[in-house]
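These are the residues of each chain, in order.
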Amino acid sequence: MTNNYPVNNIYTCIQGEGVQTGVAMVLVRLHGCAVGCPWCDTKETWAFAPADERPTLPEVMGQNGRFTWADSATIAAYIAQHHPGPRWVLLTGGEPADYRLDTLVKTLHEKGYQVAIETSGTALGHVTAACDWVCVSPKIGMPGGKQVLAEAVASADEIKHVVGKAADIDQLDHLIATMPLKHTAVICLQPISQSRKATDLCIETVQSRGWRLSIQMHKYIGVE
Ligand code: SF4
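Residues numbered from 1 in each chain as written. Predicted model: local features only at pLDDT ≥ 70, side-chain atom pairs only at ≥ 80, totals over all residues.

A look at the site of the ligand
- The full set of residues close to the ligand is Cys33, Val35, Gly36, Cys37, Cys40, Thr42, Thr45, Gly93, Gly94, Glu95, Ser120 and Lys139.
- Residue classes in the shell around the ligand are distributed as four nonpolar, six polar and two charged. (Near = placed C-beta within 6 Å. Nonpolar A, V, L, I, M, F, W, Y, C, P; charged D, E, K, R; others polar.)

Some remarks on the nonpolar core
- With 44 residues, the main nonpolar core has Val7, Val28, Val89 and Val115 as its most contacted residues.
- It is strand E2 (residues 24-30) that contributes the most residues to this core, five residues altogether.
- Beyond its immediate stretch of four places on either side in the chain, Val115 contacts Val89, Leu91, Val105, Leu108, His109, Cys131 and Asp132. (Core = buried A, V, L, I, M, F, W, Y, C linked by C-beta atoms within 7 Å. Buried ≥ 20, exposed ≤ 12 C-beta atoms within 10 Å, placed from the backbone. Helix = DSSP H or I, 4+ residues; strand = E, 2+ residues; numbered from the N terminus. Contact = placed C-beta atoms within 7 Å.)

Looking at the sheet that holds strand E8 (residues 186-191)
- Spatially, nine strands are ordered E3-E1-E2-E4-E5-E6-E7-E8-E9 in an open sheet, and the strand pairing comes out mixed. Across the chains shown, the open sheet's two edge strands, defined by having one partner strand only, are strand E3 (68-70) and strand E9 (212-213).
- Here E2 runs beside strand E4 (residues 88-92); their pairing, made up of five bridges, is parallel. Along E4, the bridge assignment pairs Met25 with Trp88.
- Helix-sheet contacts for helix H1 (residues 72-82) involve strand E1 (5-14), E2, E3 and E4, and the interaxial angle to E1 is about 25 degrees.
- Contacting strand E7 (158-163), E8 and E9, helix H5 (residues 196-209) crosses the sheet at an angle of about 160 degrees to E8. (Pairing = 2+ DSSP bridges. Axes fitted to C-alpha atoms, helices over the stretch in contact; angles between N-to-C directions.)

Observations concerning the pairing of E4
- By the criterion of burial, E4 is predominantly enclosed, with four of the five residues buried.
- Here E4 pairs with strand E5 (residues 114-119) via four bridges, running parallel. Following the sheet pairing, Leu90 is matched in E5 by Ala116.
- In this fold, E4 hands off to helix H2 (residues 102-110), which returns the chain to E5; that crossover is right-handed. (Right-handed = clockwise from strand over helix to strand, strands pointing away.)

Printed below as a string of structure tokens:
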């Protein structure tokens, strides 16, 4: 079982998106993603440049392309020492589900944390891990050519869809019509890049469908 994870960053945050908006969390950003979303705001995580590899966690912290390989006990100990407040850990990326997360989630549970994950739906490394909250933000038709997987969609407690135009809602409609979904899954629409036009479209759609609006609160209150 995998117990070696490429860590790009760890910091305390306020979850700014989706159902868990407002919850203080320790964000663990794993390195690596091949999905290629044009609007990605963590492009520094995409490539594993040998020059960016470091031997320890403290050497990679901050918004940069550096990463280090660490086991679950080392990650949990770093969180406990440097980010003692939150009781939730948020696994994100990059694409955290590119890695088998069972051991990391188990270790964090043993330390008393609840674990949430945000994934693009193109990988399955989280499906056998007992995450407490799974948010799938399906990245459909992105330049990297990765497919959204039915098993990933079926694992979602929350589907969070980034919307720029009406066609993006059509894509989501097609996805949820053709893939299994938990009956309790919450569907959130998130306007792309705080666009007014996209925000209006999301408001109109969530009101007519009974869905939920996600507005990237952290960008409005000026925190990461
Ligand atoms: S899946 Fe996430 S990390 Fe990967 S390119 Fe898209 S937005 Fe960026």
